[in-house]
Amino acid sequence: MIFQIAEDCPATESPAEKSPAHHVFSETLRELYWSKNHLMRTLLKLENTALNGQLKRTIRDYFEVNRSHAYSIEHLFELLDENPEGRHCNQTDTSCGNALALLSSRTEGKDKMIRSSLIEFYAQELTSLDYLFTLALSMSRLDLARIISEIQRKTRTSFEFSFPTATATTVVAA
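On a predicted model such as this, the values are computed, not experimentally measured, just so you know.

J.: I tried to follow the packing of aromatic side chains on my own but got confused; where do I start?
T.: Here the distance between the centres and the angle between the planes together describe a pair of aromatic rings. Per the counting criterion, the structure on display carries three aromatic pairs. Centroid distance Y62 to Y122: 4.1 Å. Interplanar angle 25 degrees. Geometry classified as stacked. Pair noted here: Y62 is in helix α2 (residues 53-79) and Y122 is in helix α4 (residues 110-138), with a separation of 60 residues, a long-range link. When its relative accessible area of 1% is taken as the criterion, Y62 is described as buried. Between Y122 and F159, the ring centres sit 5.2 Å apart and the planes meet at 70 degrees, which makes this aromatic pair edge-to-face. Within this pair, whereas Y122 is found in helix α4, its partner F159 is found in helix α5 (residues 142-162), the two being separated by 37 residues in sequence. Considered together, Y122 and F159 belong to a single accessibility category, that of buried residues. Taken together through their ring pairs, the aromatic side chains of Y62, Y122 and F159 make up a single cluster. For the cation-ring pair, R60 lies above F63, with the distance from its terminal atom to the ring centre recorded as 5.0 Å.

Spelled out as structure tokens, the structure:
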């Protein structure tokens, strides 16, 4: 769920007072950052493998959206006064591995399987962003919540543009 956050809301948690929620937020952000970078490498390989021109463009667009989000995540690390370092995420690693297994596939349905993988990637990202948004609010870090809300909006818009026949419930169920 995306909320409108007031532009003038200050950060209320200082770097010195790092709560358990801050630690969970930071670790989740590290996983998301690693996932973004790992996913971008996977997307480049999937783009080269896709047969359909429209699917190739969709993958390229999703790559660009992810690159933009990686910069936004780096900004979140700056606001936390932390270094942008990724932390291995098993779920993304497995999803990317499954998608890359399609590279050796020579079946007719390869593009359909790639499309399904992209929907899964979107679903994982939206789940992580929803969780980070909730954590940011619980820490009273409206500055972080505002940025995450913008990433959520761009992700949902990108999904709706790329997969107009899919619904939001498709993403949640994926």
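J.: What's the story with the packing of α2 against α4 in this structure? I'm lost.
T.: In a pair of packed helices, the angle between the axes and the distance between the axes together describe the arrangement. At a closest axis distance of 11 Å, the pairing of α2 and α4 adopts a crossing angle of 20 degrees. The angle between the axes of α2 and α4 places the two elements in the roughly parallel class. As for the relative orientation of α2 and α4, their crossing is left-handed in sense. On α4, the residues touching L55, T58, I59, Y62, N66 and H69 of α2 are D111, I114, L118, F121, Y122 and E125.

Reading the values: rules and limits
- Residues numbered from 1 in each chain as written.
- Predicted model: local features only at pLDDT ≥ 70, side-chain atom pairs only at ≥ 80, totals over all residues.
- Heavy atoms only, no water.
- Phe/Tyr/Trp six-rings, centres within 6.5 Å; stacked < 30°, edge-to-face > 60°.
- Helix = DSSP H or I, 4+ residues; strand = E, 2+ residues; numbered from the N terminus.
- Buried < 20%, exposed > 50% of the residue type's maximum accessible area, 1.4 Å probe, protein only.
- Lys NZ or Arg CZ within 6 Å of the ring centre and 35° of its normal.
- Axes fitted to C-alpha atoms, helices over the stretch in contact; angles between N-to-C directions.
- Parallel < 35°, antiparallel > 145°, perpendicular 65-115°, else oblique.
- Left-handed = near helix turned anticlockwise from the far one by under 90°.
- Contact = heavy atoms within 4.5 Å.

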